[in-house]
Amino acid sequence: MRATPAHLVAVKSSTGLQYKHASSVQTGEELLMAVDGSLKPSTVVAVRRQHLRGAFAPLTLEGSLLVDDAAASCYAVVTKQWIAQWALAPARLAHYATKSTMGVSAWGQQLDGVHWVPAALWQLAELALPSVVVQ
C-alpha cells in the first residue's frame, strides 16, 4: 500500500483493530486487506519509503476507505481515528441536514487536496493540542 507517513492505516492487534500511522507499521504486523468483498488480515512482509507525487486525501463521511486494497483512515496527522471522527461530526451533520432538506450537500469542496474543515481544525490543534498532531 502507498500512503503518506502520517496517514492512519488499519492494523490488526491483540485487542482488535487499531489505526496507526503508516510510518510506524512494521514487518510482521497485519494490515486489513480487501479480499473477495471482505476485510482479511495480511502480514506485512516489507516496508520501504518512496517519494511519489500525486498523493491526495479524500474526506469520506465514514472516515475510512481502501488504499491499494488496504483498509485505511481518510485522516492523517492526528494520532487517533476517533479524534478526527468526533471533530468532523458537525461537518457530517451539516451534510446530512442539507442533503435531506435542500437536496444538495454542504460537505463542500477540497482546496489544495484538503477539505476546509480539517484544514481549520489542524490549525487549531497545532495551537491547542500539539501532542495529537504529527508534524
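The rules we used
- Residues numbered from 1 in each chain as written.
- Predicted model: local features only at pLDDT ≥ 70, side-chain atom pairs only at ≥ 80, totals over all residues.
- Heavy atoms only, no water.
- Buried < 20%, exposed > 50% of the residue type's maximum accessible area, 1.4 Å probe, protein only.
- Helix = DSSP H or I, 4+ residues; strand = E, 2+ residues; numbered from the N terminus.
- Pairing = 2+ DSSP bridges.
- Salt bridge = Lys/Arg side-chain N within 4 Å of Asp/Glu carboxyl O.

> Any chance you could explain the pairing of strand E1 (residues 7-13) here in plain terms?
One face of the sheet, then the other: side chains in a regular strand alternate in exactly this way. Of all seven residues that make up E1, five are buried, and the element is covered over most of its length. As defined by bridge partners, E1 adjoins strand E6 (residues 70-76) across two bridges and the pair is classed as antiparallel. Directly across from Val9, in E6, lies its bridge partner Ala72. In this structure, E1 lies alongside strand E2 (residues 16-21), joined through six bridges in antiparallel fashion.

> Please clarify how the pattern of salt bridges should be interpreted in this entry.
Should their charged atoms come close, side chains of opposite charge can pair. Summed over the entire model, instances satisfying the criterion amount to three salt bridges. With its nearest N and O atoms 3.9 Å apart, the salt bridge here joins Glu30 to Lys12. Here the residue Glu30 occupies a position in strand E3 (residues 30-35), and Lys12 occupies one in strand E1, the gap between them amounting to 18 residues. For Glu30, a relative accessible area of 25% translates into the label partly exposed. Judged by its relative accessible area of 44%, Lys12 is partly exposed.

> Sorry, what's going on with the pairing of strand E5 (residues 64-67) here?
With four bridges joining them, E5 and E6 adopt antiparallel strand pairing. Each residue of the ladder has a partner; that of Val67, found in E6, is Ala70. Where E5 folds back onto E6 in an antiparallel hairpin, the turn is made up of two residues, including Asp68, whose phi is positive at roughly 50°.

Just geometry here; none of it tells us what the structure is for.
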